[in-house]
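What follows is each chain in one-letter form.
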Amino acid sequence: MSSNNASATAEKAPIFNAGSVQNQVSDLYVASEVWLHTHWLQILIAFAIGAVIVVALHGLRKLGERLCGKPIGTGDGVAGIPRRGWGTIVGRAITRTNNFFIVMLAAKLVVGYAGAPEQVATTVNFLWTVASVFQAAIWARELILGAIEHRTSSEHYSGEALLSAMGLIRLLVTVALFAVALVVVLDNLGVNVTGLIAGLGVGGIAIGLAAQGIFGDLFAALAIIFDRPFRRGDKISYGTTSGVIESIGLKSTRIRAFTGELRVISNKQLLDKEIQNTSVRDHIRIGFMIGAAYETPPETLARIPALLKEIVEAEGGKVARSGFENFGASSLDFALQFDIPGDDWATAHPMRDRIMVSIMTRFAREGISIPYPTQTTYTAAPDGTLVMPYAVPVADRA
């Protein structure tokens, strides 16, 4: 009976024992009082060193503020918004250094010199762990978001719907980094975080499966920023569609087709296709076949490749190939391929037209005929002789 009462009393024991807490506070007070009496000189020196460290760190934070206000150029963004570089990003991260971290850093650096008792040193170590881990999460967040903003501004994405999604991106980055920081702090305090990590993992998987379409398009939008397959204003072709990029959003990209309609396609679906960015090419290649009649003299046929090259270069094009191709059904075929500088079809089409007219004019002057597709039919007379489809001289009849 007595053993049961003892076990029941142990089970009902309070989690926090007021007497134990009071004893710990008393021990800390006594140890601190003894420490102040025996190490007062070291404590004063430590406070002086700590004050210098705090002032130095505040000066470093002021330097970060100066870096934040120093642009590296103008006119690269929209409407002359200044573009800021990596120095600004680092400076902004430095300005996010909080006072609690500065104080705890100074205390951590001088607590050993001051000969602090174990209770004080343990308290400083605990507060330093909390301050340093969460400060590292803040710095990492600012650097990641700064890198994204730097890339969007340098690639002329400013003002687009993607920039309006920076709030969501900031939220996702903040939650992820501070969740990791919380786990690290708890682990350093000796807490078993295995269950917490498992719970976060299961929760993350559930959220990812529920919103995989949204996250897929969001990450595809970020891939467009960093991989740069295209940007606003580029002319692209994908599948059987061609058009001009009008806007790149959080979930979809809007493309103005050359036929006039506005096409909307999700970012993930677009990146899964083969994309041809025609805005970044430095020339347009045009090619066609030109036929010459079989009756053309051989010496004239030999001059045709050089003649075609001369015509193209006179219009400002660059010949890639000009030469005999094959024996056609109705003509001797010559291949002509030439490049027109730039990527503008509004310039390429008129030049192609001028070159074709010049070829017709020059061939007529040289007496080179471009034959129609022809077919000759031979018939036989009742006596078996062939009836020619053309007039036969009298001498040949005999």
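Residues numbered from 1 in each chain as written. Predicted model: local features only at pLDDT ≥ 70, side-chain atom pairs only at ≥ 80, totals over all residues. Heavy atoms only, no water.

Caption draft 1: Broad picture of the overall build of the protein. Summing up its helical and strand segments, the protein has 14 helices and 10 strands in all. Counting across all 398 residues of the protein, residues that qualify as buried make up 32%. For the protein, the share of sequence-separated contacts (at least 6 apart) that also reach a separation of at least 24 residues comes to 64%. Of the roughly 24300 Å² of accessible surface on the protein, a fraction of 62% belongs to carbon and sulfur atoms. (Helix = DSSP H or I, 4+ residues; strand = E, 2+ residues; numbered from the N terminus. Buried < 20%, exposed > 50% of the residue type's maximum accessible area, 1.4 Å probe, protein only. Contact = heavy atoms within 4.5 Å. Areas by Shrake-Rupley, 256 points an atom, 1.4 Å probe, with all protein chains shown as cover.)

Caption draft 2: Expanded view of the sheet that holds strand β7 (residues 318-327). Ordered by their spatial adjacency, three strands build an open sheet running β6-β8-β7, and the pairing between neighbours is antiparallel. The open sheet is flanked by β6 (283-292) and β7, the only strands paired with a single partner. Pairs of neighbouring strands in the sheet enclose a mean axial angle of 15 degrees, with direction left out of account. Summarising the sheet, β6 and strand β8 (residues 332-341) pair through 10 bridges and their orientation is antiparallel. By the bridge assignment for β8, G291 is matched with D333. Contacts from helix α13 (residues 345-366) reach β6 and β8 within the one sheet, and its direction differs from that of β6 by about 20 degrees. (Pairing = 2+ DSSP bridges. Axes fitted to C-alpha atoms, helices over the stretch in contact; angles between N-to-C directions.)

Caption draft 3: Spotlight on helix α5 (residues 99-110). An ideal rise of 1.5 Å per residue puts 16 Å on 12 residues; α5 measures up with 17 Å between its terminal C-alpha atoms. The complete set of buried residues in α5 reads F101, I102, M104, L105, A106 and V110. You can read the cap of α5 off the contacts: a side-chain oxygen lies 3.4 Å from the backbone nitrogen of F100, and it is on N98. (Expected span 1.5 Å × (residues − 1). Polar contact = N/O pair within 3.5 Å; in protein donor to acceptor, adjacent residues only side chain to side chain.)

Caption draft 4: α13, seen in detail. With 22 residues, α13 extends 31 Å from end C-alpha to end C-alpha; this agrees with the ideal 32 Å at 1.5 Å per step. Turning to α13, its buried residues are A348, M351, I355, I359, R362 and F363. The arc that holds every buried residue of α13, seen down its axis, measures 105 degrees, which confines them to one face. Exposed side of α13, more than 90 degrees from the buried face: A346, V357, M360, A364 and R365 are the residues found there. Just downstream of α13 lies G367, where phi reads positive at about 75 degrees. (Arc of directions from axis to C-beta.)

Caption draft 5: Seen up close, the environment of T278. Within the secondary structure, T278 sits in the loop between β5 (275-277) and β6. Each residue touching T278, except ones within four places of it in the same chain, is listed here: K235, I236 and D343.

Caption draft 6: Representation of the sheet that holds strand β2 (residues 241-248). Reading across the sheet, the five strands line up as β4-β3-β2-β1-β5 and stay open at both edges, with antiparallel pairing between neighbours. Each edge of the open sheet carries a strand with a single partner, namely β4 (262-266) and β5. Put simply, the sheet's adjacent strands are angled 40 degrees from each other on average, direction ignored. As paired elements, strand β3 (residues 252-257) and β4 share five bridges and run antiparallel to each other. Pairing of R254 across the sheet is with V264, part of β4.

Caption draft 7: Quick look at the nonpolar core. Within the largest apolar cluster, 23 residues are counted, with the highest numbers of intra-cluster contacts made by I304, L336, F338, I359 and F363. Broken down by secondary-structure element, the contributors of at least two residues to this core are β6, α12 (298-314), β8 and α13. The element contributing the most residues to this core is α12, with six residues. Setting aside chain neighbours within four positions, we find F338 in contact with I284, R285, I286, F288, V312, K318, V319, A320, R352 and I355. L57, F101, M104 and L105 belong to the second largest nonpolar core, which has 14 residues in total. (Core = buried A, V, L, I, M, F, W, Y, C linked by side-chain atoms within 4.5 Å.)

Caption draft 8: Molecular detail of the side chain of E142. On the secondary structure map, E142 appears in helix α6 (residues 118-154). Residue classification places E142 among the buried residues on the basis of a relative accessible area of 1%. Of the polar contacts made by the side chain of E142, one reaches the side chain of R141; its length is 3.3 Å. With residues up to four places along the chain from it excluded, the contact list for E142 reads I89, R92, A93, R96 and R170.

Caption draft 9: Molecular detail of the packing of aromatic side chains. Across all of its chains, the model carries six aromatic pairs by this definition. Between F101 and W139, the ring centres sit 5.4 Å apart and the planes meet at 80 degrees, which makes this aromatic pair edge-to-face. You can see F101 sitting in helix α5 and its partner W139 sitting in helix α6, a full 38 residues away along the chain. Seen in terms of ring centroids, F324 and F327 are 5.1 Å apart; in terms of plane orientation they differ by 70 degrees. Their pairing is edge-to-face. Of the residues examined, F324 reaches a relative accessible area of 35% and is grouped as partly exposed. (Phe/Tyr/Trp six-rings, centres within 6.5 Å; stacked < 30°, edge-to-face > 60°.)

Caption draft 10: Just the pairing of strand β1 (residues 235-238), in detail. Judged from the four bridges that link them, β1 and β2 form a sheet pairing that is antiparallel. Following the sheet pairing, K235 is matched in β2 by V244. Where β1 folds back onto β2 in an antiparallel hairpin, the turn is made up of two residues, including G239, whose phi is positive at roughly 60 degrees.

Caption draft 11: Expanded view of the pattern of salt bridges. In the structure shown here, the tally under the stated rule is 12 salt bridges. Notably, a salt bridge pairs E142 with R96, separated by 3.7 Å at the nearest N-O pair. Placement of E142 in helix α6 and of R96 in the loop between α4 (86-95) and α5 is noted, with a sequence separation of 46 residues between them. E142 is the partner of R141 in a salt bridge, and the nearest nitrogen-oxygen pair spans 3.3 Å. Its relative accessible area of 16% is what places R141 among the buried residues. Each of the salt bridges in this network shares a partner with another, and the network as a whole consists of R303, E310, R362 and E366. (Salt bridge = Lys/Arg side-chain N within 4 Å of Asp/Glu carboxyl O.)

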